[in-house]
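Each chain, written out:
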Amino acid sequence: MRIAIHAVGEAGRRAALILLAERELVALGMYGYTGPVSERRTIKIRELTGYDPLATDDAAAASSLAGIAADDGISCVVTADQIDPEVTRRFTDSGLTLLAGANLSGIAESLTAHEVARTDQVTRTVTAWTVPGKPLRRGEPVAFPEPVGARWGEVVGRGDGSIRIRVPIEGEWAGASATVIGDADGEHISRVVGVADLGHHLDGIALAAGALMVAEGAVGPGFLRPGDHPEQYLAAALRVGLEVAAYST
C-alpha cells in the first residue's frame, strides 16, 4: 500500500503514526508537509502520483483536496462530513471512492449499523458521539463506556425510529455510542455498544481506518460514509486499536 496523507491537526498526525505500524504499507506520502521525517517509509510529496488514497483531516479544505485527488485519478478519505456535490459527482463518474465522515460520528454510525444488522426487527436506534464543548445539564441521556460515562446530549437528527445525538464534553476524553432496541432470536433486546478513549487517539483511528479500508479495495466506488460499510470500517478500526464495550438486556 502507498497512502498519501495531508495532516493539519492531531487527528492527521495520529493517523499517520497508526498507518506506519501497518506491515503492508510500502510508503506514506506526506502531502504538503515541510517538516523533518525520520521513518524510512515516510516521504514528503508535492504530487499524488503513485499513491492511493489521499487521506486528510483538513475539514476546511476537504472539497478542494478531494478535487485534487479526483484530478489525479485517486480515491480520497476525509474527516469532513460535507463535500461539494460537484466533487462527489466526479468520484462517482470516474469510478473512484470518496469516503467522508471518517471521524467519531462515523465510528458511531458504524456501530449502529453493525448492531442493526444483528437485529431481526428494529424499533429504535440511538447514535451518539462526543464533541468538544461545555457539558449540558439537560437533554437526551446517553451512555458511554468509562471514563466518559453517562452524559446529556442534544438531538441533531431524527428519522423513522432513529435519533442522532451530539454530546459536548470537556477534557481529553471522547466517545461514541450506539443503542439498538428491537427483537432478535425471539427475544426483545436492548443492546448498547460504545467506545471511549483519548479524543486524539480515536480521531486518528477513525481516519486511519478509512484510509486502510479504501486502500485495500474493501469498498466500491462513489460517495460513501463509514456507516455504508460498517463491517469493513469497524474491522479496519479494530485492527488499528479500537476497543469496543457492549452491554445487553
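Residues numbered from 1 in each chain as written. Predicted model: local features only at pLDDT ≥ 70, side-chain atom pairs only at ≥ 80, totals over all residues. Heavy atoms only, no water.

The helix and strand tally for the chain stands at six helices and 14 strands. The C-alpha radius of gyration of the chain comes to 18 Å, within 12% of the 18 Å expected for a compact globule of 249 residues. Considered along the principal axes of its C-alpha atoms, the chain spans approximately 55 × 40 × 30 Å. Residue pairs in contact within the chain that sit at least 24 positions apart in sequence constitute 60% of those at least 6 positions apart. Carbon and sulfur atoms make up 50% of the accessible area of the chain, which amounts to about 11700 Å² in all. Distance between charge centres in the chain, computed from 22 positive and 32 negative side chains, equals 5 Å. (Helix = DSSP H or I, 4+ residues; strand = E, 2+ residues; numbered from the N terminus. Rg over C-alpha atoms; globule rule 2.2 N^0.38 Å. Contact = heavy atoms within 4.5 Å. Areas by Shrake-Rupley, 256 points an atom, 1.4 Å probe, with all protein chains shown as cover. Lys, Arg positive; Asp, Glu negative; His and termini not counted. Charge placed at Lys NZ, Arg CZ, Asp CG, Glu CD.)

All right, on to the layout of surface pockets then. Estimates place the volume of the largest pocket at around 620 Å³. Taken together, 28 residues form the lining of the largest pocket, with L104, T130, V131, P132 and D203 sitting closest to its centre. Elements supplying a minimum of two residues to the lining of the largest pocket: α1 (10-20), α4 (104-117), β7 (121-132), β10 (162-169), β11 (173-184) and α5 (199-215). Per-class residue counts for the lining of the largest pocket are eleven nonpolar, nine polar and eight charged. Computed from the structure, the second largest pocket encloses a volume of approximately 210 Å³. Lining the second largest pocket, in full, are R13, A16, L17, L20, L28, M30, Y33, P36, V37, S38, E39 and T42. Of all the elements in the fold, those that place two or more residues in the lining of the second largest pocket are α1 and β2 (27-31). By residue number, the principal contributor to the lining of the second largest pocket is α1, which donates four residues. Grouping the constituent residues of the lining of the second largest pocket by class yields eight nonpolar, two polar and two charged. (1 Å grid on protein atoms, 1.4 Å probe; cavity = no way out; pocket = protein on both sides within 12 Å on 5 of 7 lines; lining within 4 Å. Points joined across faces, edges and corners; volume = space filled by probe spheres on them. Nonpolar A, V, L, I, M, F, W, Y, C, P; charged D, E, K, R; others polar.)

Turning our attention to the environment of G157. Among the structural elements, G157 can be located in strand β9 (residues 150-159). Along the sequence, G157 and T127 sit 30 residues apart, while their C-alpha atoms lie 9.6 Å from each other. In this structure, G157 is in contact with S162, I163 and R164, ignoring residues within four places of it in sequence.

Our next topic: the packing of α4 against helix α6 (residues 230-239). Relative orientation of the contacting elements α4 and α6 amounts to 120°, with a least axis distance of 9 Å. Classified by the interaxial angle, the pair formed by α4 and α6 is oblique. The two elements α4 and α6 meet at a crossing, and its hand is left-handed. Of α6, the residues touching α4 (which contributes G106, I107, S110, L111, A113 and H114) are P230, E231, Y233 and L234. In the contact of α4 with α6, the residues fall into six nonpolar, three polar and one charged. (Axes fitted to C-alpha atoms, helices over the stretch in contact; angles between N-to-C directions. Parallel < 35°, antiparallel > 145°, perpendicular 65-115°, else oblique. Left-handed = near helix turned anticlockwise from the far one by under 90°.)

Before going further, it helps to spend a moment on α5. Look at α5: 24 Å from first C-alpha to last across 17 residues, which is about the 24 Å you get at 1.5 Å a residue. Most of α5 sits inside the fold, with 13 of its 17 residues counted as buried. After α5 finishes, the residue G217 shows a positive phi value of roughly 70°. (Expected span 1.5 Å × (residues − 1). Buried < 20%, exposed > 50% of the residue type's maximum accessible area, 1.4 Å probe, protein only.)

The final tally for this structure, using the stated rule, is 15 salt bridges. Note that D71 and R90 form a salt bridge whose closest N and O atoms lie 2.2 Å from each other. In this pair, D71 is assigned in helix α2 (residues 62-71) and R90 in helix α3 (residues 85-94), connecting sequence segments 19 residues apart. Judged by relative accessible area, R90 falls into the partly exposed class, the value being 26%. (Salt bridge = Lys/Arg side-chain N within 4 Å of Asp/Glu carboxyl O.)

Over its 14 residues, α4 extends 20 Å from the first C-alpha to the last, a length consistent with the 20 Å expected when each residue adds 1.5 Å. Counting buried positions over the 14 residues of α4 gives ten, a clear majority of the element. For α4, the set of buried residues is L104, S105, G106, I107, A108, E109, S110, L111, T112 and E115. On its buried face, α4 is in contact with β7, β10, β11, β12 (187-198), α5 and α6.

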